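Geometric and topological summary
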Amino acid sequence: MAIGAGVVWCLVLGVAVYATRIRPDPHEEAVGWRLILWGGVVFPTVVLAALLVFGLGLMPQLREPGEGLRIDVSGEQFWWRVTYRPADGPAVVSANEIRVPVGERVEFGLTSPDVIHAFWIPALGGKVDMIPGRENRLVLKAEKPGTYRGACTEFCGASHALMAFDVVAIEKAAFSAWLAAQATPPSPPEGEAARGRELFLRHGCGACHRVAGTEAAGEVGPDLTRFGARATLGAATLANTPDNIARFVRETGALKPRAKMPAYPNLPGEELAAIAAYLGSLK
Ligand code: CUA
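All values derive from a computational prediction rather than experimental measurement. (Residues numbered from 1 in each chain as written. Predicted model: local features only at pLDDT ≥ 70, side-chain atom pairs only at ≥ 80, totals over all residues. Heavy atoms only, no water.)

1. A word on the packing of aromatic side chains
Two descriptors summarise a pair of aromatic rings, namely the distance from one centre to the other and the angle between the planes of the rings. Where we set the bar: Pairing of aromatic rings covers Phe, Tyr and the six-membered ring of Trp, with a centre-to-centre limit of 6.5 Å; geometry is then stacked below 30 degrees between planes, edge-to-face above 60, and tilted otherwise. Runs of H or I in DSSP of at least four residues are treated as helices and runs of E of at least two as strands, each being numbered from the N terminus. Residue exposure (1.4 Å probe, protein chains only): buried if accessible area is under 20% of the type maximum, exposed if over 50%, otherwise partly exposed. We call a charge positioned over a ring when the NZ of a Lys or the CZ of an Arg lies within 6 Å of the ring centre and within 35 degrees of the ring normal.
Inspection of every chain in the model, using the stated rule, returns seven aromatic pairs. Geometrically, the ring pair formed by Trp-80 and Phe-119 is edge-to-face, given 6.1 Å between the ring centres and 75 degrees between the ring planes. Of this pair, Trp-80 sits in strand S2 (residues 79–85) while Phe-119 sits in strand S6 (residues 117–121), and the two are 39 residues apart along the sequence. Take Trp-80: its relative accessible area is 1%, and that puts it in the buried class. Ring geometry for Phe-119 against Phe-165: centres 5.0 Å apart, planes inclined by 15 degrees, an arrangement best described as stacked. Highlighted residues: Phe-119 in strand S6 and Phe-165 in strand S10 (residues 164–170), separated in sequence by 46 residues. Chaining the aromatic ring pairs together yields one cluster made of Trp-80, Phe-108, Phe-119 and Phe-165. Directly above the ring of Trp-120 sits Lys-127, whose terminal nitrogen or CZ lies 4.4 Å from the centroid.

2. Remarks on the packing of helix H5 (residues 242–250) against helix H7 (residues 269–281)
We count it as follows: Each axis is a line fitted through C-alpha atoms, and for a helix only the stretch in contact is used; angles between axes span 0 to 180 degrees, taken between their N-to-C directions. With respect to orientation, any angle under 35 degrees is reported as roughly parallel, any angle over 145 as roughly antiparallel, any angle of 65 to 115 as roughly perpendicular, and every other angle as oblique. Definitions for this section: a left-handed crossing has its near helix turned counterclockwise from the far helix by less than a right angle. A right-handed crossing has that turn clockwise. We call two residues in contact when some of their heavy atoms are within 4.5 Å. Gly falls in the polar group here, along with every residue not listed as nonpolar (Ala, Val, Leu, Ile, Met, Phe, Trp, Tyr, Cys, Pro) or charged (Asp, Glu, Lys, Arg).
Direction vectors running N to C along H5 and H7 enclose 120 degrees, while the axes themselves pass 9 Å from each other. When the interaxial angle is binned, H5 and H7 end up oblique. In terms of crossing hand, the pair formed by H5 and H7 is right-handed. On the side of H5, the interface is formed by Pro-242, Ile-245, Ala-246, Val-249 and Arg-250, while H7 contributes Leu-272, Ala-276, Leu-279 and Gly-280. For the contact of H5 with H7, the per-class residue count stands at seven nonpolar, one polar and one charged.

3. Overview of unusual backbone geometry
A cis geometry characterises the amide bond from Gln-77 onward to Phe-78, with omega recorded as 5 degrees. By the secondary structure assignment, Phe-78 is in the loop between strand S1 (70–76) and S2. Of note, Ala-235 is a non-glycine position whose phi angle comes to about 55 degrees, a positive value. Inspection of the secondary structure puts Ala-235 in the loop between strand S11 (232–233) and strand S12 (238–239). With relative accessibility at 1%, the residue Ala-235 sits in the buried group.

Rendered as structure tokens:
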């Protein structure tokens, strides 16, 4: 496509130079009509038809099924629900960060429970709408390890611009080990983090958030079982640091307008610090 577009660009530029510099006589009507017929009708028809045939030939590749691993992603106002469905083994729920094995065709099932969002990882391809009531499929392959930025590309409300995610591509063996480890809940917290867990449960965070291995089993908001292992928070809008966790809990609406989560402006600083310590310990 890029090579085809490059050739067309050169030809158009050549014709423009010819018409304005080499034979700029506006009174030569016969030449003008020939340019319109060949340059304006025949040429674009042939070029667009050729690109269409070429593009249609590539489409079956996009529809080939993945190689075992399937990841369901649901776009929600304003974050991403991620469910890994390995061919063998239990499903694993997470949010806002997607891990994929390098060199494997991963199949994504894309949907939404509220409004239309769109799933796009520019470096890997895609850009597929997430539509309530239906599921769209997308197969992607990361060729190299690394972190790839993804974003919502369909206007979905006040925090549309604050709805991003990271795709972390790691080697296949490391990925399999990581996915298998997700089946066991993280080890119980100690010290300040243990107090943070108590506060987290007492303040009712578990009504919306799930942390496997505790009574927090909410499904309204992002799953926090491995929150501490993510590089970012707030759907890839802030670095995952204790200060940012405390800020996000204290002033949610300021950082993420129209998010469903209420702000907790009256929590004492030391309680926020303990909750941040707990969430950061969930790895
Ligand atoms: Cu979700 Cu825009």
